[in-house]
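These are the residues of each chain, in order.
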Amino acid sequence: MSFLLAVGATAQERLAVVATTGMIADAARNVGGDLVEVEALMGPGVDPHAYRQTRTDIVATARADLVLWNGLYLEAQMEEFLLDLAQDKHVVAVAEAVPENLLIGSEDYEGRFDPHVWMNPNLWARVVVTIRDALIEAHPEGEAAFTANAAAYLEELAELSRYTTEVLSSVPAESRILLTSHDAFNYFGNAYGFEVVGIQGISTESEAGLARISELVDLLIERDIRAVFVETSVSDRNIRALVEGARAEGHDVVIGGELYSDAMGEPGTYEGTYIGMIDSNATTIARALGGAAPDTGMQGLLN
């Protein structure tokens, strides 16, 4: 997308923004354009549930003009640090601006909500608006640029939502069962009418025992599920144990592909953007479960 640059802006005048996850950083770059310098603390393959701040992170957040984090207990090991930081810095938990009636409650933590709101592009659009407003508050002179950039990016998210709805609705109703490593896809399931099953809970910190694996082997056989999925930021150990357990019972199941759950792809790649991440997930799921989707995705950019 093209960015609107305020007159006279230079690299030295850019707002220093630190974001915890790649998804938040990507949104901040799209909205901030040339007026911001954005650093993501967590890169590809990093699990935010278990991530703890490093000395480098502490320095980066101390120097930042604005710190953006997801909240909703996603960055569980960093929460105390970020709340303390908010006493002295401009710190915003962007997902916590989503109305509670649109959030999914957590079975693991009473009074908590599922933090994986980016799995629904329409919910993520609300987060983008929150990021826009946080940028405007931190740098009022950039309001016109931030507003224009956000409007253009929201149009891209609307197109993403149209594509994902189209390809995922092509999956036969009886095949709309998404089994992954942990419960990162509940908002996805709500948005597209899929039953979502995670071996682990919402947090990757929970353990999946032999009884859980055995229970899910029975589910695979009973529902005739033929494809399960691994995640880029979670060990595939449990999924592979599940596949082997099913095969031992005479039920053939394959790994339908690798999904981006808590982190995006490599920087500089299409999958290293939020839109590419969700495009890849929707395309991979649709094709693996019997739906119709182009192998190169919405924009022909998937590898």
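Residues numbered from 1 in each chain as written. Predicted model: local features only at pLDDT ≥ 70, side-chain atom pairs only at ≥ 80, totals over all residues. Heavy atoms only, no water.

**Q** Can you lay out the side chain of T180 for me, pointing to particular residues and giving the numbers?
**A** By secondary structure assignment, the location of T180 is in strand β5 (residues 177-182). Within polar-contact distance, the side chain of T180 engages the backbone oxygen of H182 at 3.1 Å. (Helix = DSSP H or I, 4+ residues; strand = E, 2+ residues; numbered from the N terminus. Polar contact = N/O pair within 3.5 Å; in protein donor to acceptor, adjacent residues only side chain to side chain.)

**Q** Describe helix α2 (residues 55-63), naming the residues involved and giving the relevant values.
**A** When α2 is considered as a whole, its buried residues turn out to be D57, A60 and T61. Across the axial projection of α2, the buried residues extend over an arc of 95°, all falling on one side. Away from the buried face of α2 by more than 90 degrees, exposed residues R55 and R63 are located. In this fold, the buried residues of α2 make contact with β1 (15-19), β2 (36-40), β3 (66-69) and α3 (79-85). (Buried < 20%, exposed > 50% of the residue type's maximum accessible area, 1.4 Å probe, protein only. Arc of directions from axis to C-beta. Contact = heavy atoms within 4.5 Å.)

**Q** Account for empty space enclosed by the protein, naming residues and giving values.
**A** All told, the structure shown has 2 cavities of 30 Å³ or more when counted by the stated rule. Each pocket or cavity is described by its volume, and for the second largest cavity that value is around 50 Å³. Taken together, M119, P121, F188, Y192, I278, N281 and A282 make up the lining of the second largest cavity. Within the residue set of the lining of the second largest cavity, elements represented by two or more residues are α6 (186-192) and α9 (274-288). Considering each element in turn, the lining of the second largest cavity owes the most residues, 3 residues, to α9. Here the lining of the second largest cavity is composed, by residue class, of 6 nonpolar, 1 polar and no charged. (1 Å grid on protein atoms, 1.4 Å probe; cavity = no way out; pocket = protein on both sides within 12 Å on 5 of 7 lines; lining within 4 Å. Points joined across faces, edges and corners; volume = space filled by probe spheres on them. Nonpolar A, V, L, I, M, F, W, Y, C, P; charged D, E, K, R; others polar.)

**Q** Give me the pattern of salt bridges: which residues, what numbers.
**A** Applying the stated criterion across every chain yields a total of 9 salt bridges. The partner of D133 in a salt bridge is R132, with the nearest N and O atoms 3.0 Å apart. Here E215 and R212 are joined by a salt bridge, their closest N and O atoms 2.8 Å apart. Taken together, the residues E215 and R212, both in helix α7 (residues 210-223) and 3 residues apart, mark about one turn of the helix. On the basis of relative accessible area, E215 is assigned to the partly exposed category, the value being 45%. (Salt bridge = Lys/Arg side-chain N within 4 Å of Asp/Glu carboxyl O.)

**Q** Describe in detail the pairing of strand β6 (residues 195-200), supporting the description with residues and values.
**A** Burial analysis of β6 places 5 of its 6 residues in the buried class, which makes it a mostly covered element. Where β5 lies against β6, 5 bridges are found, and the strand directions are parallel. Its bridge partner lying in β6, H182 is registered against Q200. Between the parallel pair β5 and β6, the chain is carried across by α6, and the sense of this crossover is right-handed. (Pairing = 2+ DSSP bridges. Right-handed = clockwise from strand over helix to strand, strands pointing away.)

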